[in-house]
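Listed below, chain by chain, are the residues.
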Amino acid sequence: MSTIRLRYRCVWSLIALLVCLFATAQPPASDLAVRGITAGARLQGSVNDLGSVTRLDATGGYIFNRNWSVEAGVPFYFVRPSGSIASGTGAIGTNALGNVYLQALFKRPGETWGYASLLTVSAPSGDKDCGLTTGRVTADWTNHVEYYAGR
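Calculation criteria
Residues numbered from 1 in each chain as written. Predicted model: local features only at pLDDT ≥ 70, side-chain atom pairs only at ≥ 80, totals over all residues. Heavy atoms only, no water. Helix = DSSP H or I, 4+ residues; strand = E, 2+ residues; numbered from the N terminus. Contact = heavy atoms within 4.5 Å. Areas by Shrake-Rupley, 256 points an atom, 1.4 Å probe, with all protein chains shown as cover. Phe/Tyr/Trp six-rings, centres within 6.5 Å; stacked < 30°, edge-to-face > 60°. 1 Å grid on protein atoms, 1.4 Å probe; cavity = no way out; pocket = protein on both sides within 12 Å on 5 of 7 lines; lining within 4 Å. Points joined across faces, edges and corners; volume = space filled by probe spheres on them. Pairing = 2+ DSSP bridges. Patch = residues over 30% accessible without salt bridge, like charges linked within 9 Å, V, L, I, M, F, W, Y side chains within 5 Å. Salt bridge = Lys/Arg side-chain N within 4 Å of Asp/Glu carboxyl O. Buried < 20%, exposed > 50% of the residue type's maximum accessible area, 1.4 Å probe, protein only.

### Some details on the overall build of the protein chain
Reasoning step 1: If you tally the helices and strands in the protein chain, you get 2 helices and 7 strands.
Reasoning step 2: Contacts spanning at least 24 positions in sequence make up 48% of the contacts within the protein chain whose residues lie at least 6 apart.
Reasoning step 3: Here the protein chain displays about 10,800 Å² of accessible surface, and carbon together with sulfur accounts for 62% of that area.

Pasting the structure below:
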């Protein structure tokens, strides 16, 4: 592995660690006081023998009450093939926008059980030549049920 690639991975890992530390350092707010405009950013990445993919996701939305919220997001991708893949196939890295999306979240927290439902709809705004979109509107509906069993 080259020194530049190692530095690149170390820098991105350090940035992700700092973002996580600052994000979790905030005290939790009361459920009743949480409403209004929200904004955030997420940095996610994956590295394997084929290369690395890093996603920087900028989001903004509105929290209506403790049960309902909406959010819109724009992901930006940094894709880098490994040296062996690049030399063997001629693949090159890219930086490009992904599909913009809109999410609606319903959550029902409770003392013994909880439920959350997330509906995500994305528009085909990503670069199709880079493989960052299917070229169609997509939808995903995720549900989550949990039970608090104590220790």
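### A look at the packing of aromatic side chains
Reasoning step 1: In the structure shown here, the tally under the stated rule is 4 aromatic pairs.
Reasoning step 2: Ring geometry for Trp 68 against Phe 106: centres 4.8 Å apart, planes inclined by 50°, an arrangement best described as tilted. Within this pair, whereas Trp 68 is found in strand β3 (residues 68–81), its partner Phe 106 is found in strand β5 (residues 101–108), the two being separated by 38 residues in sequence.

### Re the layout of surface pockets
Reasoning step 1: Computed from the structure, the largest pocket encloses a volume of approximately 580 Å³.
Reasoning step 2: Lining the largest pocket are 21 residues, and of these Val 34, Thr 38, Ile 63, Ser 69 and Lys 107 sit closest to its centre.

### Describing the pairing of β5
Reasoning step 1: Here β3 runs beside β5; their pairing, made up of 6 bridges, is antiparallel. When the sheet's bridge partners are listed, Val 70 is paired in β5 with Ala 104.
Reasoning step 2: Bridge count for β5 against strand β6 (residues 113–122) is 8 bridges, and the pairing is antiparallel. Its bridge partner being in β6, Lys 107 is matched across the sheet by Ala 116.
Reasoning step 3: Connecting the antiparallel pair β5 and β6 is a turn made up of 4 residues.

### Remarks on a nonpolar patch on the surface
Reasoning step 1: Among the surface-exposed residues, Ile 37, Tyr 62, Phe 64, Trp 68, Val 70 and Leu 102 lie close enough to one another that they form a single nonpolar patch of about 640 Å² accessible area.
Reasoning step 2: Along the chain, Tyr 62 falls in strand β2 (residues 51–63).

### Digging into the pattern of salt bridges
Reasoning step 1: Applying the stated rule across the entire model yields 3 salt bridges.
Reasoning step 2: The residue Arg 42 makes a salt bridge to Asp 57 at a minimum N-O spacing of 3.9 Å. Here Asp 57 lies in strand β2 and Arg 42 lies in strand β1 (residues 36–48), a separation of 15 residues in the sequence.
Reasoning step 3: With a shortest N-O distance of 2.9 Å, Arg 55 and Asp 57 are connected by a salt bridge.
Reasoning step 4: In this structure Asp 57 comes out as buried when scored by relative accessible area, which is 1%.
Reasoning step 5: Beyond isolated ion pairs, a larger network of salt bridges with shared partners links Arg 42, Arg 55, Asp 57 and Glu 71.

### Re the environment of Trp 68
Reasoning step 1: Given the relative accessible area of 45%, Trp 68 is considered partly exposed.
Reasoning step 2: When the C-alpha atoms of Trp 68 and Leu 105 are compared, they prove to be 5.7 Å apart, with 37 residues separating the residues in sequence.
Reasoning step 3: Each residue touching Trp 68, except ones within four places of it in the same chain, is listed here: Ile 63, Leu 105 and Phe 106.

### Some thoughts on the pairing of β2
Reasoning step 1: Looking at chain direction, β1 and β2 are connected through 13 bridges and run antiparallel. Pairing of Ser 46 across the sheet is with Val 53, part of β2.
Reasoning step 2: Where β1 folds back on β2, the antiparallel hairpin that results is connected by 2 residues.
Reasoning step 3: With 13 bridges connecting them, β2 and β3 associate as antiparallel partners. Each residue of the ladder has a partner; that of Thr 59, found in β3, is Gly 73.
Reasoning step 4: In this antiparallel pair of consecutive strands, β2 and β3, the connection spans 4 residues.

Purely geometric stuff here, so don't read any function into it on its own.
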